[in-house]
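Working through the structure, step by step
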Amino acid sequence: MIYKGLKSTRISMSRFNFYKMMTLKGFLFALTVFFSAQLSAQTLEDYYRIAAEDNPGLKAKYTDFEASLERVVQVNSLPDPTFSFGYFLSPVETRVGPQRAKFSLSQMFPWFGTLSARGDVATLNAEAKYQAFLDARNALYYQVSAIYYPLYELRELQEIEVGNIRILESFKTIATSKFENGSGSLADALRADITLQDAIVELAILQEKENGMHAAFNKLLNRPYNAAIEISDTLTVQNAPIVFQPDSILSRNPSLASLSLQAQAAEAQQIAAQKQGLPAFGVGIDYVLVDKRTDMDMPKNGQNVLMPMVTMSIPIFRGKYKGAIREAELLQESFELKKQDYSNSLLSSFHKVQFDLKKQTDLIALYRRQVVTTQQTMNLLLSAYANSGNDFEDVLNIQKQLLKYQRTLVNALVQYNISFAEMDYIMSRNN
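These figures come from a predicted structure and were not determined experimentally.

Rules used in this analysis
- Residues numbered from 1 in each chain as written.
- Predicted model: local features only at pLDDT ≥ 70, side-chain atom pairs only at ≥ 80, totals over all residues.
- Heavy atoms only, no water.
- pLDDT = per-residue confidence, 0-100.
- Helix = DSSP H or I, 4+ residues; strand = E, 2+ residues; numbered from the N terminus.
- Contact = heavy atoms within 4.5 Å.
- Salt bridge = Lys/Arg side-chain N within 4 Å of Asp/Glu carboxyl O.
- Buried < 20%, exposed > 50% of the residue type's maximum accessible area, 1.4 Å probe, protein only.
- Pairing = 2+ DSSP bridges.
- Axes fitted to C-alpha atoms, helices over the stretch in contact; angles between N-to-C directions.
- Core = buried A, V, L, I, M, F, W, Y, C linked by side-chain atoms within 4.5 Å.
- Phe/Tyr/Trp six-rings, centres within 6.5 Å; stacked < 30°, edge-to-face > 60°.
- Patch = residues over 30% accessible without salt bridge, like charges linked within 9 Å, V, L, I, M, F, W, Y side chains within 5 Å.
- Areas by Shrake-Rupley, 256 points an atom, 1.4 Å probe, with all protein chains shown as cover.
- Parallel < 35°, antiparallel > 145°, perpendicular 65-115°, else oblique.
- Left-handed = near helix turned anticlockwise from the far one by under 90°.
- Nonpolar A, V, L, I, M, F, W, Y, C, P; charged D, E, K, R; others polar.

A look at the confidence of the model for the protein
Here the protein averages 85 in pLDDT, while 89% of its residues score no lower than 70. No element of the protein has a lower mean pLDDT than helix α1 (residues 6–9), at 35, and none a higher one than helix α9 (residues 254–276), at 95. Contacts from residues 1–40, a stretch scored under 50 in pLDDT, to residues over four places away or in other chains number 58 contacts.

Structure (structure tokens):
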């Protein structure tokens, strides 16, 4: 693959300095400004902020990015100069006197542009890690939502079950009173009691399930498992239309951006490998200490020797350089294929979630109508039973039906909001 326009994609030093200054504290301060809700009444956005500040997996991603920034400085530096010292155990006689010691200092310089190419590789890889961090942050937000909304569902189901228990207790009282007055049967009172006991056990199960989900939620926030969690009292259906704009989805996604940057880094790596196969130059100086000759007196007797030097490496073993160039070409191809595969997966997920949102919207409207109609039906049946003492089983059955619709309505609301959070992740609306 031919390298195209590295300079247009290269991160300038000012941009690099921006990333370098973007410490974790600074990033979290930005999050704090973005999520300005008061902690006294914590919202889902507050929990996003807490997770971003304290989740160890996300902090590890950011630290990985910071570490990659340090690589940029390393590869942009020249190799260390070489200094050597030698002492002649047996003085070497020369015309101007015996040599006693030798000092050498040299510095190698890679081919023109080699350091810049290496810096491009490291800088692009660093920005790729930053994009990976952004994707991990967005995924963490989705994970928080995926537990927060089921916690809301558990709270609502418990409230529904408490209301159901109250209704069943009233049914039991009415049925018992009817039996004692001789206008009802004992079977009706027993049916009400059995249904009531089922509801009490169901409520206890919901409470135990909530404890486990509390621990999982607090784990994401890196808090004690029993830390208090505040859940919103209501959930809404956001009627904002989801417009399908594939270019917008693909251009905003951090994972795709990371793969693009890694492909660009592989292109820069190809250039660096080519330049690595060119000669390197060195300059140096030798300084030799010379003693005076005692057997005669002559011009420059005992004068120390200063000798400038120039060196050049000769990269004649081409196999390793060709292998490095081929490796970079294959990496570019690999990242492009990964990018295409992830794009296909992203668009497929978008269509699936879009369908889920439409389905849950329709179900929510349906269940709301059914709850109202079933409630009206139950009121009529209960009134008829209070007058006649007959058909108590129908009253219990319609109450069970009402309970079912109330539960499914809450579940549809929760599934809608979870799907909406997933859509936020797919469309990178938290960037």
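Once the structure has been displayed, the description carries forward.
Section: the pattern of salt bridges
Summed over all chains, the structure comprises twelve salt bridges. One salt bridge in this structure joins R326 and E329, with 3.4 Å as the shortest N-O distance. Of this pair, R326 and E329 are both found in helix α10 (residues 319–388), three residues apart, which corresponds to roughly one turn of the helix. The class of R326 is partly exposed, set by a relative accessible area of 46%. Ionic pairing is found between K358 and D362, a salt bridge with its closest N-O pair at 2.8 Å. Here D362 and K358 lie together in helix α10, a separation of four residues that amounts to about one turn.

Focus on the environment of P91
Topologically, P91 is positioned in strand β1 (residues 82–94). The sequence separation of P91 and D291 amounts to 200 residues, and the corresponding C-alpha distance is 9.2 Å.

Considering the sheet that holds strand β4 (residues 305–312)
Spatial ordering of the open sheet is given by β1-β2-β3-β4, a layout of four strands whose pairing is antiparallel. Edge positions in the sheet fall to β1 and β4, since each has one partner strand and no second. Geometrically, the sheet is characterised by an average inter-axis angle of 20 degrees between neighbouring strands, direction not taken into account. Two strands pair when backbone bridges link them, and strand β2 (residues 97–109) and strand β3 (residues 281–290) are joined in this way by ten bridges, in the antiparallel orientation. Bridged to A101 within β3 is L289.

A few points about the nonpolar core
Counting 37 residues, the largest nonpolar core has Y47, V144, F217 and L221 as the members making the most contacts within it. Broken down by element, the residue count for this core peaks at 15 residues, all from helix α6 (residues 114–181). Setting aside its immediate chain neighbours within four residues, Y47 contacts Q42, V144, Y148, F217, L221, R223, A228, I229 and E230.

Concerning the packing of aromatic side chains
The geometry of an aromatic ring pair is captured by two quantities: the separation of the ring centres and the angle between the planes. Applying the stated rule across the entire model yields 17 aromatic pairs. Pairwise contacts between aromatic rings join Y47, Y148, Y149 and F217 into one cluster.

Quick notes on a nonpolar patch on the surface
Together, L78, F109, F281, V283, V310, M312, I314, I316 and F317 make up a nonpolar patch on the protein surface, roughly 920 Å² of accessible area in all. Contributing elements (two or more residues each) for the nonpolar patch: β3 and β4. Following the sequence through the fold, F109 ends up in strand β2. A relative accessible area of 33% means that F109 is categorised as partly exposed.

Here we look at the packing of α6 against α9
Relative orientation of the contacting elements α6 and α9 amounts to 165 degrees, with a least axis distance of 8 Å. It follows from the interaxial angle that α6 and α9 lie roughly antiparallel. As for how α6 packs across α9, the hand of that crossing is left-handed. Residue composition of the contact of α6 with α9, by class: 13 nonpolar, ten polar and five charged.

Focus: the pairing of β1
The pairing of β1 with β2 spans nine bridges and is antiparallel. Following the sheet pairing, T82 is matched in β2 by S106. The hairpin formed by β1 and β2 contains two residues between the paired strands.

What about the environment of M296?
Residue position: M296 is located in the loop between β3 and β4. Given the relative accessible area of 40%, M296 is considered partly exposed. Note: C-alpha distance between M296 and G97 (199 residues apart in sequence) is 9.9 Å.

Side note on unusual backbone geometry
Located in the positive-phi region is N222, a residue other than glycine, with phi close to 60 degrees. Under the relative-accessibility criterion, N222 is labelled partly exposed at 46%. The backbone of S428 shows a phi angle near 55 degrees, a positive value even though the residue is not glycine. Following the sequence through the fold, S428 ends up in the segment after α11 (392–427). Residue classification places S428 among the buried positions, given a relative accessible area of 1%.

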